[in-house]
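# Residue-level structural notes
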Amino acid sequence: MIGIIDCNNFYASCERNFMPSLNGVPVVVFSNNDGAIIARSEEAKELGIDMAVPIFEVKKLMKVYNIKGFSSNYTLYGDMSKRIKYIIRKFFSEVEDYSIDESFVSCKGFEYRDLFSYVKDARDKISHWSGVPVTIGVAPTKTLSKLANRIAKKKFRAIGVYIIDSEEKRIDALHTTDIKDLWGVGRRITVRLNKFNIYTAYDLSKVDTDWAKKNFSVVLQRTVYELQGISCIPLELVEPAKQNIASQKSFGIFQTEFEPMAEALANYTARVAEKLRRQGFVAGGITVWLGTNNFSKTDKQYFPEISTVCDVPTDYTPYLIKRAVEGLKVIYRKGYLYKRVGVMLTDLRNNYDGTQNLFHSNSRDKEIEIIRRMDRINRLNGRDTIRSAQQGFNHEWKMRQETLTPKYTTRLSDIIIIK
DNA sequence: TCTGGGGTCCTAGGACCC
DNA sequence: TCTGGGGTCCTAGGACCC
């Protein structure tokens, strides 16, 4: 049996955890740049606030019902996630951290005790100790455990646990689930499946698995097997090495000129390079892209992209910034209203994999020393205390975050002392 | 006026190898 | 005049996830 532990309304619950006055009050969290809704408390859902709606469409509604809205605070959510996962490991020894707010756990070996009371106790303690309520679904496969979790949220909210442990419960869960709500079936596949008269998880569980592979893909074939109760998506207990690290952000206001965008790009590159070093990787390549506002019906659209290979795989920020800005120079055109710029470090490998380029002088040792000291100074004195000149100081492009809460758990200056 | 960001996996087709 | 078969690797694009 496999369990999925899912935090309820995670971002909204994190905000609420540090502001008890928000209990019982409708709360929403905005996407970066305060653009759209990405999390809602139960109360906000009941008031008809949908997921991914642009803020300007619900501004009125928010005012009328006094819905509290917050800019997303990923530093806070990331740290809360770490704490919750630490607690989860007190109750389950085999855990796959699946996303910021979800973990799959193995319930193998629990046949010898009362599975329900063990999971229920774990659920209550994880919720209580972390301050973020969680729900647990348990079933023979990952896909079915997701269904179980959904049922727990919809029908057994107060209990917070649902287990599919009989044929009867499996069939019932399949009948009451629409294919569009299935893990692994998105918008496109839903439309195509509907054309074959497949509307519920039950319909899909009845199709021939070879047919699913032939007409769709192995991905859908696996989903069909999993719905039938045959597990074929295993728990991944070891986190696979990252392949890419990327950063893109929308500008607070449209940009037209090269310089401010190069400045934004240099800053995003500095961020991904830090992340790269923290994880002990070097990057073999770098990709840069630009984009106009794809929602506009009247603006000219332009979404260029360029990929280059580093001379030597590296984690040296000044080099990466130089390459990124060179790339930007190639794809930038005057005359567009730009909405975002992005950068991705690709072809990641361990930094002890010391590939050397025959035609480059061996200056790597010096770079390592420089970057090590820079990271140390910035860690002690704050990010970007030492920065590349290209990163600038103006930052007129920076995203909107008008209702950002403090980084309660991670930044010294934000910790509130109660006397 | 105003619409997020960071990832992964799969597939088909082309280039290339012997 | 007539020109194979089996395989790998890479890339772009599509689809999905939270």
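Residues numbered from 1 in each chain as written. Chains lettered and ligands numbered in written order. Predicted model: local features only at pLDDT ≥ 70, side-chain atom pairs only at ≥ 80, totals over all residues. Heavy atoms only, no water.

## Observations regarding the sheet that holds strand β3 (residues 37–40)
Using the following cut-off: If DSSP finds at least two bridges between two strands, the strands pair. Numbering of helices and strands runs from the N terminus, with a helix taken as a DSSP run of H or I at least four residues long and a strand as a DSSP run of E at least two residues long. As a rule, the C-alpha atoms of each element are fitted with a line to give its axis, helices using only the stretch in contact, and angles between N-to-C directions run from 0 to 180 degrees. In this description, contact between two residues means that some pair of their heavy atoms is separated by no more than 4.5 Å.
The strand order β3-β2-β4 describes an open sheet built from three strands, whose pairing is mixed. The open sheet terminates on both sides in strands that have one partner only, identified here as β3 and β4 (68–70). For this sheet, the mean inter-axis angle between neighbouring strands, taken without regard to orientation, is 25°. One ladder, built from three bridges, connects strand β2 (residues 27–30) with β3; its direction is antiparallel. Residue pairing for β3: V29 is matched across the bridge by A39. Together, β2, β3 and β4 form the strand contacts of helix α3 (residues 55–64), whose direction differs from that of β2 by roughly 160°.

## Let's talk about the sheet that holds strand β12 (residues 338–350)
With respect to topology, four strands assemble into an open sheet ordered β9-β12-β10-β11, the strand pairing being antiparallel. Each edge of the sheet is formed by a strand with only one pairing partner; in this case those strands are β9 (245–255) and β11 (305–314). Across the sheet, the mean angle from the axis of one strand to that of its neighbour is 15°, orientation sign disregarded. In terms of strand pairing, β9 meets β12 through seven bridges, oriented antiparallel. Its bridge partner lying in β12, S250 is registered against R340. Seen against the sheet, helix α13 (residues 317–331) touches β10 (281–292), β11 and β12 and runs at an angle of roughly 155° to β11.

## A look at the layout of surface pockets
What counts, and what does not: Put plainly, a pocket is an open set of points on a 1 Å grid over the protein atoms alone with protein on both sides within 12 Å along at least five of seven lines, a cavity is a set where a 1.4 Å probe fits but cannot get out, and a lining residue has an atom within 4 Å of a point. Grid points are joined across faces, edges and corners, and a volume is the space filled by probe spheres set on the points. Classification used: nonpolar for Ala, Val, Leu, Ile, Met, Phe, Trp, Tyr, Cys and Pro, charged for Asp, Glu, Lys and Arg, polar for all others including Gly. Here the bounds of each domain stem from an automatic or database domain assignment.
Quantified by volume, the second largest pocket comes out at close to 1000 Å³. Lining of the second largest pocket is provided by 27 residues; of these, D6, R40, K45, R150 and K153 occupy positions nearest its centre. Counting residues per element, the ones that place at least two in the lining of the second largest pocket are β1 (2–7), α1 (10–17), β3, α2 (42–46) and α6 (142–155). Broken down by element, the lining of the second largest pocket gets its largest block of residues, seven residues, from α6. Tallied by class, residues from the lining of the second largest pocket come to 11 nonpolar, four polar and 12 charged. Structurally, the lining of the second largest pocket is a two-domain feature, drawing no fewer than three residues from each of domain 1 (1–165) and domain 2 (166–240).

## Details of the domain arrangement of chain A
Many structure descriptions define interface size as the accessible area lost when the parts assemble. Under the domain assignment used here, chain A contains domain 1 (1–165), domain 2 (166–240) and domain 3 (245–391). Taken over C-alpha atoms, the centre of domain 2 sits 39 Å from the centre of domain 3.

## Remarks on the protein's contact with DNA strand B
Quick reminder of the rule: In these notes, residues near a molecule or strand are those with any non-hydrogen atom within 4 Å of it. Any N or O atom pair separated by 3.5 Å or less is treated as a polar contact, with the protein-specific requirement of one donor-capable and one acceptor-capable atom, and with residues adjacent in sequence counted only for side-chain atom pairs.
As a structural note, the neighbourhood of DNA strand B is formed by 24 residues, with A246, Q248, K249, S250 and K339 the closest of them. Expressed as a percentage, the sugar and phosphate content of the atoms of DNA strand B within 4 Å of the protein is 73%. Contact between DNA strand B and S31: a sugar or linking oxygen at 3.0 Å from a side-chain N or O atom of the residue. The separation between a phosphate oxygen of DNA strand B and a polar side-chain atom of R222 is 2.8 Å.

## What to know about empty space enclosed by the protein
Here the idea is plain: a probe the size of a water molecule rolls over the atoms and shows the empty space left. The tally for this structure, following the rule as stated, stands at two cavities of 30 Å³ or more. Size it by volume and the largest cavity reaches roughly 60 Å³. Around the largest cavity, the lining residues are I5, C7, F10, S81, I84, K85, I88, I100, D101, E102 and S103. When residues of the lining of the largest cavity are traced back to their parent elements, those giving at least two are β1, α4 (74–91) and β6 (102–106). Residue contributions to the lining of the largest cavity peak at four residues, all from α4. Looking at the lining of the largest cavity, its residues break down into six nonpolar, two polar and three charged. Contributing to the lining of the second largest cavity are A270, R271, E274, R277, T317, M374, N378, D384, I386, R387 and Q391. Among the secondary structure elements, those contributing two or more residues to the lining of the second largest cavity are α12 (258–278) and α14 (364–381). Sorting elements by how many residues they give to the lining of the second largest cavity places α12 first, with four residues. Tallied by class, the residues present in the lining of the second largest cavity amount to three nonpolar, three polar and five charged.

## With respect to the pairing of β12
Two elements, β10 and β12, share 11 bridges in a ladder whose sense is antiparallel. When the bridges of β12 are listed, V282 appears paired with R349.

## Let's talk about the packing of α1 against α4
The cut-off we apply is this: An angle counts as roughly parallel when it lies under 35 degrees, as roughly antiparallel when it exceeds 145, as roughly perpendicular when it falls between 65 and 115, and as oblique in every other case.
As a packed pair, α1 and α4 sit with axes 10 Å apart at the nearest point and diverge in direction by 95°. Classified by the angle between their axes, α1 and α4 sit roughly perpendicular to one another. Seen from α1, the contacting residues are F10, Y11, C14, E15 and N17; seen from α4, they are Y74, L76, Y77, M80, S81 and I84.

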